[in-house]
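Report on the structure
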Amino acid sequence: MKLSQHIFKTLIAGAALFAFPVSATEASVPDFSKGMPGMKLEKNEKVNGNETFQLKTALSSKEISASLIKFLGPGWGGRKLNPEEMILAAKKGRTSNAIVNLAVYKSAKVPGVNIRVIHLEYKEGNRDPSVEITVIREER
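So, here's what we can say about the structure. (Residues numbered from 1 in each chain as written. Predicted model: local features only at pLDDT ≥ 70, side-chain atom pairs only at ≥ 80, totals over all residues. Heavy atoms only, no water.)

**Some thoughts on the sheet that holds strand S5 (residues 113-122)**
Taking strand neighbours across the sheet as the criterion, the six strands line up as S1-S2-S6-S5-S4-S3 in an open arrangement whose pairing is antiparallel. Each end of this open sheet is capped by a strand with a single partner; those strands are strand S1 (39-47) and strand S3 (76-79). In this sheet, neighbouring strand axes are inclined to one another by 25° on average, regardless of whether the strands run parallel or antiparallel. Sheet analysis places S3 next to strand S4 (residues 98-107), joined by four bridges and oriented antiparallel. If you follow Gly 77 over to S4, its bridge partner there is Lys 106. (Pairing = 2+ DSSP bridges. Helix = DSSP H or I, 4+ residues; strand = E, 2+ residues; numbered from the N terminus. Axes fitted to C-alpha atoms, helices over the stretch in contact; angles between N-to-C directions.)

Shown next as structure tokens:
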């Protein structure tokens, strides 16, 4: 292959990368393994294909929601809670003696995945709030 042909093919391949980039804005399952801005990862567990991240934070529930929407990126949004999720939140509140805020996020571009976020603000003790983020993968 002549050098000019090689350069031409390299230029075409480079142009294709710019024309059809692997989009950083495409929805995907986010990586919580290093925590999030304002939240420090304490523990990570994998059970039955789902992954739960325990995080410590000083952020309020509202601040976490705003940070999470930014962290998740385009395509992710909250969905209506189902009765089982509301029961889970009530149980967490009673067993942890905490005010519980629960939200579940989904993306049409990442079917079969829900991200459940539980913010616990403890009523007693001198404890910072905590956040539990669970990436739930529906069975197929």
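**Here's the deal with helix H2 (residues 61-72)**
The end-to-end C-alpha separation of H2 is 16 Å, in line with the 16 Å expected for 12 residues at 1.5 Å each. Taken residue by residue, H2 has Ile 64, Ser 67, Leu 68 and Leu 72 as its buried positions. Axial view of H2: buried residues confined to an arc of 130°, hence all on one face. Every exposed residue of H2 that faces more than 90 degrees away from the buried side is listed here: Lys 62 and Lys 70. Buried residues along H2 sit against S1, strand S2 (50-57), S3, S4, S5 and strand S6 (130-137). Gly 73 sits one or two positions beyond H2 and adopts a positive phi of about 90°. (Expected span 1.5 Å × (residues − 1). Buried < 20%, exposed > 50% of the residue type's maximum accessible area, 1.4 Å probe, protein only. Arc of directions from axis to C-beta. Contact = heavy atoms within 4.5 Å.)

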